[in-house]
Amino acid sequence: MVRLITHNLLACHVKGCTANNFPLEFKDVQVVLRESEFNPDFLRGFIPKIDWAALTGAARQLGDTSLPDQLPEMLDDDFLKTLHHVLLEIHVEEGIMICPNCKHNYHIANGIPNMLLAEHEIG
Amino acid sequence: MIPTPDLSHLRAEDYEHVYEPAEDTFILLDALEQDAEELTSMRALVSLEIGSGSGCVSSFLSSIIGPSAVLYLCTDINPRACDCSTATGRQNKVPLELVNTSLADNLLARLHKSVDIVLFNPPYVPTVHHEASVAQVNRDIGGSWAGGHDGMQITDRFFPQVDSLLAPHGRFYLVAVAQNNIPHIQQRMQQDYGMGSKVVLQRRAGREHLSVIRFMRIR
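Quick notes on the rules
Residues numbered from 1 in each chain as written. Chains lettered and ligands numbered in written order. Predicted model: local features only at pLDDT ≥ 70, side-chain atom pairs only at ≥ 80, totals over all residues. Helix = DSSP H or I, 4+ residues; strand = E, 2+ residues; numbered from the N terminus. Rg over C-alpha atoms; globule rule 2.2 N^0.38 Å. Buried ≥ 20, exposed ≤ 12 C-beta atoms within 10 Å, placed from the backbone. Contact = placed C-beta atoms within 7 Å.

Engineer: For the overall build of chain A, give the residues involved together with the corresponding values.
Structural biologist: When you go through chain A residue by residue, the secondary structure sums to four helices and five strands. When the helices and strands of chain A are placed in sequence order, the string is β-α-β-α-α-α-β-β-β. Computed over its C-alpha atoms, the radius of gyration of chain A comes to 15 Å, within 12% of the 14 Å expected for a compact globule of 123 residues. Each principal axis of the C-alpha distribution contributes one length, and for chain A these read about 50 × 30 × 20 Å. When each of the 123 residues of chain A is scored for burial, the buried share is 32%. By sequence separation, contacts in chain A at least 24 residues apart represent 73% of the contacts at least 6 residues apart.

Engineer: Provide a residue-level description of unusual backbone geometry, including the pertinent values.
Structural biologist: Note that the residue after F22 of chain A, namely P23 of chain A, is joined by a cis bond; omega there is -10 degrees. Inspection of the secondary structure assignment puts P23 of chain A in the loop between α1 (4-7) and β2 (25-33). The residue R43 of chain B is not glycine, and still its phi comes out positive at about 55 degrees. Along the chain, R43 of chain B turns up in the loop between α3 (36-41) and β1 (46-50). Residue R43 of chain B is classed as partly exposed on the basis of its C-beta count, with 13 C-beta atoms lying within 10 Å. Non-glycine residue N181 of chain B carries a positive phi angle of around 65 degrees. Looking at where N181 of chain B falls in the secondary structure, it is placed in the loop between β5 (166-177) and α8 (182-193).

Dropping the structure here:
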């Protein structure tokens, strides 16, 4: 499954591609929504690990503009529910993720990102 | 007693390409169950299983800690194993996040010292070097067991990664067999990465003398 929580953790690792290799850019995506259990404690704990600009940028690429540009100081339930939906309920089933630096294309099929590289691309 | 995950959706055809849970899987489940209290009370946020295969182990971990309390990341180099792990997650109502990659490549940059629980039941069977390398390239069932020299060829590649990933209070569970030279593994992990360890479970299964080693950073 490529949910935005996972997308927020994936960087390109083609040989020599070490700067500006995150976040990967979505292209030609098919998205499915699946409900999941809301856990505010998990979200509060996980927020410090999120790259906020990468998350809001990726959400916009998927057509979701519900998150604010800046992480709010007050983490109320309304905000956490919005975050829950964007991070954990949007599944990218098919599509491509493109490295902003080296333009390597990583394909997503059946919800699984293929991040494997050919021998000559491995650092 | 925590029930073993439901794997009834997996078929004989799946197990032609993906490792079927066996004694080495079950000893890891038992080690996790033995530590259930600490695994729950440590308030983990991120778990990462390397080579998740059928998805049995991470599904089991989620039945200890809860499906929504932790992000359950799994990687496998074998695309069919990624499909099986995803399906096992669905069958057991836990969202396992599969990434088709080698070890934790692609995750190192963003998960520096951020993973609370790392699980690895590696390809530990001693084979010739070439056999283990070819098995990884083939991305099929051979990669789940062929371990090269001392059965440590793949595991050795993961040690620097686990040092980069493991959170300060994190726990790393590794399955090993006697031929892997467990005292030597423990000594190296302490010397090279400052990780203390304990063999938390040992069991004989046929010809294999299986162990689960738990590593934690020495503070």
